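# Inside the fold
Residue strings, one per chain:
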Amino acid sequence: MLELKHISKTFNPGTVNEKKALDGVSLRLEAGDFATIVGSNGAGKSTLFHAIAGVFYVDQGSIALDGEDITFRPEYRRSRELGRLFQDPMKGTAPHMTIEENLALAYLRAGKPRNAYFSRITKQDKEFFRQQLALLGMGLEDRMRQPVGLLSGGQRQALTLLMATLVPPKLLLLDEHTAALDPATAEKVLALTRDIVARQHITCLMVTHNMRHALDLGNRTLMMDAGRIVLDLSGAERGGLTVEDLLSRFRAGAGKDLDNDRILLS
Amino acid sequence: MLYITQTALVLGFQYALVAMALFLSYRILDIADLTTDGCFVLGAAVSVTAAAAGRPILGIPLAMLAGACAGGVTAFLQTRLGVPSILAGIITNTGLYTVNLMVMGWKSNASLLREDTVFTLLRETGIGGGQYELLLSAVITILAGVLLVLFLGTRLGLSIRATGDNRDMVRASSINPTFTVTVGLCVANALTALSGAVVGQAQKTIDINSGTGIVVIGLACLIIGETVLGRRSVVKGAVAVVVGSVIYRFIYAVVFYTKIVPVDGLKLVTAVVVALAIAMPAIRQWAAFQRRKRAAAAGRREG
């Protein structure tokens, strides 16, 4: 589904701040894969997501999504087939617009003809939004005409998750999307993520700093260090792994200890 | 008094379109669009020139088209060429001065004498009786307002609103912000030019400098309206600009006829009011901080 071939990105080349953020990363995700990513500070996890999403163009290498080369496709065009969640719950929704209007925006990606600029939210759309909101179990279906700015961070993140998957994307990118939430809310949003991804068979990449989640969620675990993927675990090899095993495997792969000041071991 | 009220209503409706344009560019898109001054004159110049050539009705859509083009230039400068948005407006505005002179046949003012305008055409039909000017101004503004509200409810309209509300989200939602900013500024400047077009034909005369300060006056109307009606929904916003504009023109008319303050002083008053209104959040914050400091100092003395 996703194929990265030797992608590299250097920021501020030729200056004292030169930083090789991605160093020849190759990765192949099959349809339905759910891979978690862990890594040190500045390992290039978010940079990898930005490269896939098209926030910048890579210096070298190619990116293909579902067999199509998207290496030079602009960010907004890629977004038709990508769902994205950020750590900051404020980033994914428009605060002064209502829940209904936000969902309508997300629905723009739907199969309707792209030129339907002047179409409006129909009764049918509203009913569909209401059903989908009800699945979140947060009572948002009764608040559809309220501005999103009135929601809590957890509610906003759940709404963003729904918006990203309302039209199932070919790939869902989750960048520590529960890290800014309180533990109980984070678990709730994570459970929703698991449900939605499983129900719609979405191919998914998730950055986390929670080692437990990295092993428990999905079917594959990637570890990054210094702009490279140093460890790629799946199947039986991943099955019986404990957090301690993971750390020692990282040491073996990267030649140093995992160094992340926000890492959660339990 | 009746005369003052009537003048205020007529001018209020006519200039409300500028405030409506700023509602779209400043409030919704969150862009301070300084194309407004030149664009207003452009609209007036095109419409008066068309009327002088015997095509008053055609002059109105032509003026809007010209305004949309001006907005397109500003949008192009800021979205494609990386010119900061305020500077982009100023650049277009400066260029428009020459364009406006050109439209007016390289004269700094133009007048209609016996030529028909949309207003005289309406008067001849007898519709609206003595209030034909008010009727036409109100119909045009209300129609524009209704269309704007309907437009902002469409998918494209929602995309434009989201662009001003959260740009991070917009890109992640497959909306091209370059496109939405361009459409938004084109529509806003078409409204500004429409205002100029209506005012130009109503007053039958136009001066190259008649747009100076229009953007600040428009902002004043926007703020007055929002103060009276609150700022929540799009519909409320569209009504608020009309109400604000009528109130502003009422104040203007009162000053004009009673000479409480010199009319020429009104722009300074307007500027101060707008600056204060926009500065209000900062002023409130400062006041709250001072209160806290005083409370803390009092606490220390007692403790």
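Residues numbered from 1 in each chain as written. Chains lettered and ligands numbered in written order. Predicted model: local features only at pLDDT ≥ 70, side-chain atom pairs only at ≥ 80, totals over all residues. Heavy atoms only, no water.

Moving on: the overall build of chain B. For chain B, the count of helices and strands is twelve helices and two strands. The C-alpha atoms of chain B give 21 Å as radius of gyration, which agrees with the globular expectation for 303 residues (19 Å, within 12%). Projecting the C-alpha coordinates of chain B onto the three principal axes gives extents of approximately 80 × 55 × 35 Å. Of the roughly 14,000 Å² that chain B leaves accessible, carbon and sulfur atoms contribute 67%. (Helix = DSSP H or I, 4+ residues; strand = E, 2+ residues; numbered from the N terminus. Rg over C-alpha atoms; globule rule 2.2 N^0.38 Å. Areas by Shrake-Rupley, 256 points an atom, 1.4 Å probe, with all protein chains shown as cover.)

All right, on to the domain arrangement of chain A then. All names here are of chain A. On domain assignment, one finds that chain A holds domain 1 (1-81 + 170-266) and domain 2 (94-168). Computed over C-alpha atoms, the centres of domain 1 and domain 2 are 27 Å apart. Summed over both partners, the interface of domain 1 with domain 2 comes to about 1,300 Å²; 67% of that surface belongs to carbon and sulfur atoms. The interface formed by domain 1 and domain 2 contains zero salt bridges. The tally of links from domain 1 across to domain 2 stands at two residue pairs in polar contact (both at pLDDT 80 or more). Broken down by element, the side of domain 1 that touches domain 2 gets its largest block of residues, eight residues, from helix H6 (residues 183-200). (Domains from an automatic or database assignment. Buried area = accessible area lost by both parts, 1.4 Å probe. Salt bridge = Lys/Arg side-chain N within 4 Å of Asp/Glu carboxyl O. Polar contact = N/O pair within 3.5 Å; in protein donor to acceptor, adjacent residues only side chain to side chain.)

On to the interface of chain A and chain B, then. Taken together, the contact pairs 31 residues of chain A with 22 residues of chain B. A combined buried area of about 2,300 Å² lies between chain A and chain B, and 58% of that area is made up of carbon and sulfur atoms. For the interface between chain A and chain B, the tally reads three salt bridges. One salt bridge in this structure joins Arg161 of chain B and Glu101 of chain A, with 3.0 Å as the shortest N-O distance. Counting only elements with at least two residues in the side of chain A that touches chain B, the list comes to helix H2 (75-78) and helix H3 (99-106) of chain A. Taken together, the residues of the side of chain A that touches chain B sort by class into 16 nonpolar, six polar and nine charged. (Contact = heavy atoms within 4.5 Å. Nonpolar A, V, L, I, M, F, W, Y, C, P; charged D, E, K, R; others polar.)

Another point: the sheet that holds strand E3 (residues 34-39) of chain A. Residue and element names in this part refer to chain A. Taken in spatial order, the six strands line up as E6-E7-E8-E3-E9-E10 in an open sheet, and their pairing is mixed. This sheet does not close on itself; its edge strands, each paired only once, are strand E6 (82-85) and strand E10 (228-234). Between one strand and the next, the sheet's axes are offset by a mean angle of 15°, whatever the strand orientation. As defined by bridge partners, strand E9 (residues 220-225) adjoins E10 across six bridges and the pair is classed as antiparallel. Across the sheet, the residue bridging to Arg220 is Ser234, located in E10. (Pairing = 2+ DSSP bridges. Axes fitted to C-alpha atoms, helices over the stretch in contact; angles between N-to-C directions.)

Attention now moves to the pattern of salt bridges. Residues and elements named next belong to chain A. Overall, the coordinates contain 18 salt bridges over all chains when judged by the stated rule. Put simply, Glu3 and Arg28 hold a salt bridge, and the shortest N to O gap is 2.6 Å. Here Arg28 lies in strand E2 (residues 19-29) and Glu3 lies in strand E1 (residues 2-11), a separation of 25 residues in the sequence. Note on Glu3: relative accessible area 25%, which makes it partly exposed. Since its relative accessible area comes to 43%, Arg28 is described here as partly exposed. Where Lys20 meets Asp23, a salt bridge forms, and the shortest distance between an N and an O atom there is 4.0 Å. The structure contains a network of salt bridges with shared partners spanning Asp66, Glu68, Arg73, Glu81 and Lys170. (Buried < 20%, exposed > 50% of the residue type's maximum accessible area, 1.4 Å probe, protein only.)

Residue and element names in this part refer to chain B. One can read the domain layout of chain B as domain 1 (2-260) and domain 2 (269-303). For domain 1 and domain 2, the distance between their C-alpha centroids amounts to 35 Å. With seven residues of domain 1 at the contact, the number on the domain 2 side is five residues. Roughly 470 Å² of surface becomes buried between domain 1 and domain 2 when both sides are summed, with 85% attributable to carbon and sulfur atoms. It is Tyr26, Val216 and Ile223 that lose the most area in domain 1 upon contact with domain 2, and together they represent 61% of the buried surface on that side. Inspection of the region where domain 1 meets domain 2 yields zero salt bridges. Its residues placed into classes, the side of domain 1 that touches domain 2 shows seven nonpolar, no polar and no charged.

The subject of this paragraph is the packing of helix H6 (residues 132-152) of chain B against helix H9 (residues 177-203) of chain B. Residues and elements named next belong to chain B. Where H6 meets H9, the closest approach of the two axes is 11 Å, and the angle between their N-to-C directions is 175°. If you check the angle between H6 and H9, you find them roughly antiparallel. Contacts between H6 and H9 involve Glu133, Ile140, Ala144, Leu148 and Phe151 from the first element and Val183, Val187, Leu191, Leu194, Val198 and Ala202 from the second. Grouping the constituent residues of the contact of H6 with H9 by class yields ten nonpolar, no polar and one charged. (Parallel < 35°, antiparallel > 145°, perpendicular 65-115°, else oblique.)

Let us now look at the packing of aromatic side chains. The tally for this structure, following the rule as stated, stands at ten aromatic pairs over all chains. Residues Tyr15 of chain B and Phe40 of chain B carry aromatic rings whose centres are separated by 5.6 Å and whose planes lie at 20° to one another, so their mutual orientation is stacked. On the criterion of sequence distance, the pair formed by Tyr15 of chain B in helix H1 (residues 2-28) and Phe40 of chain B in helix H2 (residues 36-52) is long-range, its members being 25 residues apart. For the residue pair Tyr15 of chain B and Phe40 of chain B, the accessibility class agrees, reading buried in each case. Judged by centre distance (5.3 Å) and plane angle (80°), the rings of Phe256 of chain B and Tyr257 of chain B are edge-to-face. For Tyr257 of chain B, a relative accessible area of 40% corresponds to the partly exposed category. What links up through ring pairs into an aromatic cluster is the set Tyr3, Tyr252, Phe256 and Tyr257 of chain B. When the ring centre of Phe86 of chain A is taken as origin, the NZ or CZ atom of Lys91 of chain A, which lies over that ring, is 5.4 Å away. Geometry around Phe256 of chain B places Lys259 of chain B over its ring, the cationic atom sitting 5.3 Å from the centre. (Phe/Tyr/Trp six-rings, centres within 6.5 Å; stacked < 30°, edge-to-face > 60°. Lys NZ or Arg CZ within 6 Å of the ring centre and 35° of its normal.)

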